[in-house]
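What the coordinates show
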Amino acid sequence: MRVIAKKILGEFWEKYTDSEESLKTWYKEASKANWNSPNDIKAEYTKASILKSGRAVFNICGNKYRLIVEINYLRKWVFIRFIGTHKEYDKIDTQKI
């Protein structure tokens, strides 16, 4: 999968340094993945939440942070839509961000 844009993750882990290792690991795994459906994500990340419109939520650092991505399965693209604390996540509309 092609993850767009790693820069967003880097800016986040500069602010929240404890997230760096987990985000780098997620990025490497997602970049090597060949997800064809939400089932492929759930097989690898059992605690990920599958949302409407090709979106998925990943727990980072034991659910301290949340990462929302939008996935185009046909083109093999993963778009970073949101990365934030659990508290920030609770304040957003996951379908509109």
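Here the structure is a predicted model, which is why all the values come from computation and not from measurement.

Broken down by element type, the protein carries four helices and five strands. For the protein, the succession of helices and strands along the chain, N to C, is β-α-α-α-β-β-β-β-α. Rg of the C-alpha trace for the protein: 12 Å, near the compact-globule value of 13 Å for 97 residues, within the 12% margin. Dimensions of the protein, computed from C-alpha atoms along their principal axes, come out at roughly 35 × 25 × 20 Å. A buried classification covers 36% of the 97 residues belonging to the protein.

We now examine the confidence of the model for the protein. With 100% of its residues at a pLDDT of at least 70, the protein reaches an overall mean of 94. Within the protein, helix α4 (residues 86-89) has the poorest average pLDDT of any element, 92, and strand β4 (residues 65-72) the best, 97.

Given a rise of 1.5 Å per residue, 13 residues ought to cover 18 Å, and the 18 Å separating the end C-alpha atoms of helix α2 (residues 20-32) matches this to within 8%. Listed as buried for α2 are Leu23, Trp26 and Ala30. Buried residues of α2 fall within an arc of 60° about the axis and therefore sit on the same side. In α2, those exposed residues whose orientation departs by more than 90 degrees from the buried face are Glu21, Lys28 and Lys32.

Calculation criteria
- Residues numbered from 1 in each chain as written.
- Predicted model: local features only at pLDDT ≥ 70, side-chain atom pairs only at ≥ 80, totals over all residues.
- Heavy atoms only, no water.
- Helix = DSSP H or I, 4+ residues; strand = E, 2+ residues; numbered from the N terminus.
- Rg over C-alpha atoms; globule rule 2.2 N^0.38 Å.
- Buried < 20%, exposed > 50% of the residue type's maximum accessible area, 1.4 Å probe, protein only.
- pLDDT = per-residue confidence, 0-100.
- Expected span 1.5 Å × (residues − 1).
- Arc of directions from axis to C-beta.

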